[in-house]
Amino acid sequence: MGYRFSDLTDACQQDWRAYLEHDFVRALGAGRLDEDAFRHYLQQDYLFLVHFSRAYALAAYKSQTLAELRHAFEGLKTILDVELDLHVGYCREWGIGEDDLAALPEARATLAYTRYVLDTGCRGDLLDLHVALAPCLIGYGEIANWLNAQASTVRGAANPYDAWIAMYEGDAFQAAMHEERAWLDARLAEVTPERFARLTTIFRDATRLEIDFWQMGLDRAD
Ligand SMILES: Cc1ncc(CN)c(N)n1
(Lines give C-alpha, C1' and ligand atoms only; values in the text may rest on other atoms or scores of the structure.)
Protein backbone atom coordinates (compact mmCIF):
# COMPACT_ATOMS: atom_id res chain seq x y z
CA MET A 1 0.00 0.00 0.00
CA GLY A 2 1.00 3.67 -0.13
CA TYR A 3 1.07 3.99 -3.94
CA ARG A 4 1.77 7.15 -5.93
CA PHE A 5 1.19 8.26 -9.52
CA SER A 6 4.78 7.35 -10.42
CA ASP A 7 3.96 3.71 -9.52
CA LEU A 8 1.47 3.69 -12.43
CA THR A 9 4.08 4.92 -14.92
CA ASP A 10 6.67 2.52 -13.45
CA ALA A 11 4.23 -0.37 -13.94
CA CYS A 12 3.86 0.48 -17.67
CA GLN A 13 7.26 2.02 -18.30
CA GLN A 14 7.60 0.68 -21.86
CA ASP A 15 4.19 1.93 -23.05
CA TRP A 16 4.59 5.22 -21.15
CA ARG A 17 7.96 5.99 -22.82
CA ALA A 18 6.60 4.87 -26.23
CA TYR A 19 3.80 7.43 -25.77
CA LEU A 20 5.97 10.33 -24.53
CA GLU A 21 8.73 9.79 -27.08
CA HIS A 22 6.63 8.77 -30.09
CA ASP A 23 7.92 9.62 -33.60
CA PHE A 24 5.07 12.14 -33.94
CA VAL A 25 6.34 13.98 -30.84
CA ARG A 26 9.99 13.89 -31.97
CA ALA A 27 9.11 15.23 -35.43
CA LEU A 28 6.89 17.95 -33.96
CA GLY A 29 9.67 19.02 -31.58
CA ALA A 30 12.21 19.18 -34.40
CA GLY A 31 9.76 21.20 -36.53
CA ARG A 32 9.91 18.57 -39.30
CA LEU A 33 6.45 16.99 -38.80
CA ASP A 34 4.52 16.77 -42.07
CA GLU A 35 1.89 19.54 -42.07
CA ASP A 36 -0.87 17.18 -43.27
CA ALA A 37 -0.13 14.83 -40.38
CA PHE A 38 -0.33 17.71 -37.90
CA ARG A 39 -3.54 19.03 -39.46
CA HIS A 40 -5.18 15.60 -39.31
CA TYR A 41 -4.06 15.14 -35.71
CA LEU A 42 -5.22 18.60 -34.64
CA GLN A 43 -8.66 18.25 -36.23
CA GLN A 44 -9.17 14.87 -34.59
CA ASP A 45 -7.86 16.33 -31.34
CA TYR A 46 -10.61 18.95 -31.49
CA LEU A 47 -13.18 16.11 -31.52
CA PHE A 48 -11.19 14.32 -28.83
CA LEU A 49 -11.28 17.36 -26.55
CA VAL A 50 -15.04 17.72 -26.97
CA HIS A 51 -15.47 14.18 -25.63
CA PHE A 52 -12.87 14.70 -22.91
CA SER A 53 -14.84 17.75 -21.80
CA ARG A 54 -17.78 15.38 -21.41
CA ALA A 55 -15.55 13.06 -19.36
CA TYR A 56 -14.69 15.91 -16.96
CA ALA A 57 -18.40 16.69 -16.73
CA LEU A 58 -18.87 13.03 -15.79
CA ALA A 59 -16.18 13.49 -13.12
CA ALA A 60 -18.23 16.39 -11.77
CA TYR A 61 -21.33 14.16 -11.73
CA LYS A 62 -19.41 11.44 -9.85
CA SER A 63 -18.01 13.89 -7.30
CA GLN A 64 -19.12 13.60 -3.70
CA THR A 65 -17.40 16.64 -2.21
CA LEU A 66 -17.03 20.28 -3.16
CA ALA A 67 -13.26 19.76 -3.55
CA GLU A 68 -13.84 16.95 -6.06
CA LEU A 69 -16.38 19.06 -7.90
CA ARG A 70 -13.88 21.96 -8.15
CA HIS A 71 -11.17 19.58 -9.33
CA ALA A 72 -13.41 18.33 -12.17
CA PHE A 73 -14.34 21.91 -13.02
CA GLU A 74 -10.63 22.92 -13.27
CA GLY A 75 -9.97 20.01 -15.67
CA LEU A 76 -12.89 21.06 -17.84
CA LYS A 77 -11.75 24.70 -17.79
CA THR A 78 -8.23 23.73 -18.91
CA ILE A 79 -9.67 22.08 -22.02
CA LEU A 80 -12.19 24.80 -22.82
CA ASP A 81 -10.07 27.88 -21.98
CA VAL A 82 -6.52 26.71 -22.70
CA GLU A 83 -6.43 23.87 -25.21
CA LEU A 84 -9.36 24.38 -27.56
CA ASP A 85 -8.40 27.99 -28.34
CA LEU A 86 -5.14 26.79 -29.84
CA HIS A 87 -6.92 24.22 -32.02
CA VAL A 88 -9.48 26.71 -33.26
CA GLY A 89 -6.69 29.25 -33.93
CA TYR A 90 -4.48 26.89 -35.95
CA CYS A 91 -7.52 25.65 -37.93
CA ARG A 92 -8.64 29.21 -38.66
CA GLU A 93 -5.22 29.86 -40.24
CA TRP A 94 -5.88 26.88 -42.54
CA GLY A 95 -9.35 28.20 -43.44
CA ILE A 96 -11.21 25.62 -41.31
CA GLY A 97 -13.99 27.12 -39.20
CA GLU A 98 -15.52 25.77 -35.99
CA ASP A 99 -18.59 24.52 -37.86
CA ASP A 100 -16.33 22.50 -40.19
CA LEU A 101 -14.50 21.05 -37.19
CA ALA A 102 -17.71 19.99 -35.48
CA ALA A 103 -18.86 18.24 -38.68
CA LEU A 104 -15.67 16.19 -39.15
CA PRO A 105 -16.01 12.40 -39.15
CA GLU A 106 -14.33 10.80 -36.13
CA ALA A 107 -11.31 8.62 -36.82
CA ARG A 108 -11.36 5.16 -35.22
CA ALA A 109 -8.51 6.08 -32.87
CA THR A 110 -10.54 9.06 -31.61
CA LEU A 111 -13.64 6.95 -31.15
CA ALA A 112 -11.76 4.16 -29.37
CA TYR A 113 -9.92 6.38 -26.91
CA THR A 114 -12.71 8.80 -26.00
CA ARG A 115 -15.36 6.12 -25.59
CA TYR A 116 -13.00 3.94 -23.56
CA VAL A 117 -12.50 6.76 -21.07
CA LEU A 118 -16.22 7.58 -20.89
CA ASP A 119 -17.12 3.91 -20.45
CA THR A 120 -14.48 3.45 -17.74
CA GLY A 121 -15.87 6.48 -15.94
CA CYS A 122 -19.48 5.32 -16.24
CA ARG A 123 -18.72 1.83 -14.93
CA GLY A 124 -16.22 2.76 -12.25
CA ASP A 125 -15.79 5.40 -9.58
CA LEU A 126 -14.09 8.79 -9.63
CA LEU A 127 -10.60 7.30 -9.19
CA ASP A 128 -11.08 4.90 -12.13
CA LEU A 129 -12.11 7.86 -14.26
CA HIS A 130 -9.20 10.09 -13.22
CA VAL A 131 -6.71 7.28 -13.85
CA ALA A 132 -8.18 6.89 -17.36
CA LEU A 133 -7.81 10.67 -17.85
CA ALA A 134 -4.27 10.87 -16.45
CA PRO A 135 -2.24 9.94 -19.57
CA CYS A 136 -3.94 12.84 -21.33
CA LEU A 137 -3.37 15.63 -18.82
CA ILE A 138 -0.17 14.47 -17.16
CA GLY A 139 1.26 12.94 -20.33
CA TYR A 140 1.09 16.11 -22.44
CA GLY A 141 2.65 18.19 -19.64
CA GLU A 142 5.49 15.66 -19.43
CA ILE A 143 5.84 15.60 -23.24
CA ALA A 144 6.39 19.38 -23.32
CA ASN A 145 9.03 19.07 -20.58
CA TRP A 146 10.68 16.13 -22.33
CA LEU A 147 10.79 18.03 -25.63
CA ASN A 148 12.46 20.98 -23.91
CA ALA A 149 15.19 18.66 -22.64
CA GLN A 150 16.03 17.32 -26.14
CA ALA A 151 18.85 18.88 -28.17
CA SER A 152 16.84 18.13 -31.34
CA THR A 153 13.92 20.36 -30.28
CA VAL A 154 13.67 23.63 -32.22
CA ARG A 155 11.95 26.56 -30.55
CA GLY A 156 10.64 29.89 -31.86
CA ALA A 157 9.73 30.97 -35.38
CA ALA A 158 11.86 28.20 -36.93
CA ASN A 159 9.35 25.61 -35.66
CA PRO A 160 5.78 25.90 -37.03
CA TYR A 161 4.58 23.90 -34.00
CA ASP A 162 6.18 26.15 -31.40
CA ALA A 163 2.78 27.42 -30.19
CA TRP A 164 1.77 23.81 -29.46
CA ILE A 165 4.83 23.23 -27.25
CA ALA A 166 4.41 26.66 -25.64
CA MET A 167 0.86 25.85 -24.58
CA TYR A 168 1.74 22.55 -22.90
CA GLU A 169 4.82 23.97 -21.16
CA GLY A 170 2.81 27.07 -20.12
CA ASP A 171 1.88 27.84 -16.52
CA ALA A 172 -1.85 27.10 -16.89
CA PHE A 173 -1.38 23.60 -18.30
CA GLN A 174 1.56 22.73 -16.04
CA ALA A 175 -0.42 23.83 -12.97
CA ALA A 176 -3.36 21.63 -14.00
CA MET A 177 -0.96 18.73 -14.50
CA HIS A 178 0.59 19.17 -11.03
CA GLU A 179 -2.85 19.44 -9.43
CA GLU A 180 -3.93 16.19 -11.09
CA ARG A 181 -0.76 14.45 -9.99
CA ALA A 182 -1.19 15.59 -6.38
CA TRP A 183 -4.85 14.48 -6.42
CA LEU A 184 -3.87 11.04 -7.73
CA ASP A 185 -0.98 10.71 -5.25
CA ALA A 186 -3.40 11.35 -2.38
CA ARG A 187 -5.98 8.80 -3.66
CA LEU A 188 -3.49 6.11 -4.64
CA ALA A 189 -1.91 6.24 -1.17
CA GLU A 190 -5.05 4.52 0.12
CA VAL A 191 -5.72 1.73 -2.40
CA THR A 192 -5.08 -1.99 -1.90
CA PRO A 193 -2.67 -3.95 -4.15
CA GLU A 194 -5.70 -5.56 -5.87
CA ARG A 195 -7.22 -2.19 -6.64
CA PHE A 196 -3.86 -0.84 -7.79
CA ALA A 197 -3.54 -3.76 -10.24
CA ARG A 198 -6.96 -2.89 -11.74
CA LEU A 199 -6.03 0.79 -11.95
CA THR A 200 -2.77 -0.15 -13.69
CA THR A 201 -4.78 -1.93 -16.39
CA ILE A 202 -6.86 1.21 -16.96
CA PHE A 203 -3.76 3.41 -17.05
CA ARG A 204 -1.98 1.08 -19.49
CA ASP A 205 -5.04 0.86 -21.77
CA ALA A 206 -5.36 4.65 -21.91
CA THR A 207 -1.61 5.07 -22.53
CA ARG A 208 -1.76 2.61 -25.43
CA LEU A 209 -4.73 4.48 -26.86
CA GLU A 210 -2.61 7.66 -26.71
CA ILE A 211 0.09 5.88 -28.75
CA ASP A 212 -2.57 4.90 -31.31
CA PHE A 213 -3.70 8.53 -31.44
CA TRP A 214 -0.20 9.76 -32.41
CA GLN A 215 0.04 6.98 -34.98
CA MET A 216 -3.36 7.94 -36.40
CA GLY A 217 -1.90 11.43 -36.97
CA LEU A 218 1.25 10.13 -38.65
CA ASP A 219 -0.74 7.74 -40.87
CA ARG A 220 -3.58 10.27 -41.48
CA ALA A 221 -5.77 7.28 -40.62
CA ASP A 222 -9.57 7.56 -40.61
C1 LIG B 1 -5.08 12.77 -27.69
C2 LIG B 1 -4.79 13.81 -26.66
N3 LIG B 1 -4.24 13.43 -25.47
C4 LIG B 1 -3.97 14.41 -24.55
C5 LIG B 1 -4.24 15.72 -24.76
C6 LIG B 1 -3.91 16.75 -23.72
N7 LIG B 1 -5.09 17.19 -23.07
C8 LIG B 1 -4.79 16.06 -25.98
N9 LIG B 1 -5.06 17.33 -26.30
N10 LIG B 1 -5.05 15.10 -26.94
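Shown above is the structure to which this text applies.
Residues numbered from 1 in each chain as written. Predicted model: local features only at pLDDT ≥ 70, side-chain atom pairs only at ≥ 80, totals over all residues. Heavy atoms only, no water.

A. Representation of the overall build of the chain. Helices and strands together make up the secondary structure of the chain, namely 11 helices and 0 strands. Counting from the amino terminus, the chain carries its helices and strands in the arrangement α-α-α-α-α-α-α-α-α-α-α. Computed over its C-alpha atoms, the radius of gyration of the chain comes to 17 Å, within 12% of the 17 Å expected for a compact globule of 222 residues. Principal-axis analysis of the C-alpha atoms places the extent of the chain at approximately 50 × 40 × 30 Å. For the chain, the residues scored as buried account for 51% of the 222 residues in total. Put simply, of all contacts in the chain between residues at least 6 apart along the chain, 84% involve residues at least 24 apart. Total accessible area on the chain is roughly 10000 Å²; 51% of this is exposed by carbon and sulfur atoms. Both charge centroids of the chain, one from 21 positive and one from 36 negative side chains, sit 3 Å from each other. (Helix = DSSP H or I, 4+ residues; strand = E, 2+ residues; numbered from the N terminus. Rg over C-alpha atoms; globule rule 2.2 N^0.38 Å. Buried < 20%, exposed > 50% of the residue type's maximum accessible area, 1.4 Å probe, protein only. Contact = heavy atoms within 4.5 Å. Areas by Shrake-Rupley, 256 points an atom, 1.4 Å probe, with all protein chains shown as cover. Lys, Arg positive; Asp, Glu negative; His and termini not counted. Charge placed at Lys NZ, Arg CZ, Asp CG, Glu CD.)

B. Local environment of the state of the cysteines. Inspection of every chain in the model, using the stated rule, returns 0 disulfides. Cys 91 takes part in no disulfide bond, and the closest cysteine sulfur to it belongs to Cys 136, at a distance of 17 Å. Since its relative accessible area comes to 0%, Cys 91 is described here as buried. The exposure class assigned to Cys 136 is buried, which follows from its relative accessible area of 9%. (Disulfide = S-S within 2.5 Å.)

C. Seen up close, the environment of Leu 111. Within the element layout of this structure, Leu 111 appears in helix α7 (residues 108-123). The sequence separation of Leu 111 and His 51 amounts to 60 residues, and the corresponding C-alpha distance is 9.3 Å.

D. Region of interest: empty space enclosed by the protein. This model, assessed by the stated rule, comprises 2 cavities of 30 Å³ or more. In this structure, the largest cavity occupies an estimated 40 Å³ of space. Taken together, Tyr 56, Gly 75, Thr 78, Ile 79, Glu 83, Cys 136, Leu 137 and Phe 173 make up the full set of residues lining the largest cavity. For the lining of the largest cavity, the secondary structure elements donating two or more residues are α5 (66-93) and α8 (126-148). The dominant element in the lining of the largest cavity, judged by the number of residues it contributes, is α5, at 4 residues. The residue makeup of the lining of the largest cavity, split by class, is 5 nonpolar, 2 polar and 1 charged. If you add up the space inside the second largest cavity, you get close to 30 Å³. What lines the second largest cavity is Asp 45, Phe 48, Leu 49, Glu 83, Cys 136, Tyr 140, Tyr 168 and Phe 173. When contributions to the lining of the second largest cavity are tallied by element, the ones reaching two or more residues are α4 (35-62) and α8. For the lining of the second largest cavity, the element with the most residues is α4, which contributes 3 residues. Of the residues belonging to the lining of the second largest cavity, the class tally is 6 nonpolar, no polar and 2 charged. (1 Å grid on protein atoms, 1.4 Å probe; cavity = no way out; pocket = protein on both sides within 12 Å on 5 of 7 lines; lining within 4 Å. Points joined across faces, edges and corners; volume = space filled by probe spheres on them. Nonpolar A, V, L, I, M, F, W, Y, C, P; charged D, E, K, R; others polar.)

E. Expanded view of the nonpolar core. With 76 residues, the main nonpolar core has Phe 38 and Trp 164 as its most contacted residues. At 15 residues, α8 tops the list of elements feeding residues into this core. The residues touching Trp 164, leaving out its near neighbours within four places in the chain, are Leu 28, Phe 38, Tyr 41, Leu 42, Leu 86, Tyr 90, Tyr 140, Ile 143, Leu 147 and Trp 214. (Core = buried A, V, L, I, M, F, W, Y, C linked by side-chain atoms within 4.5 Å.)

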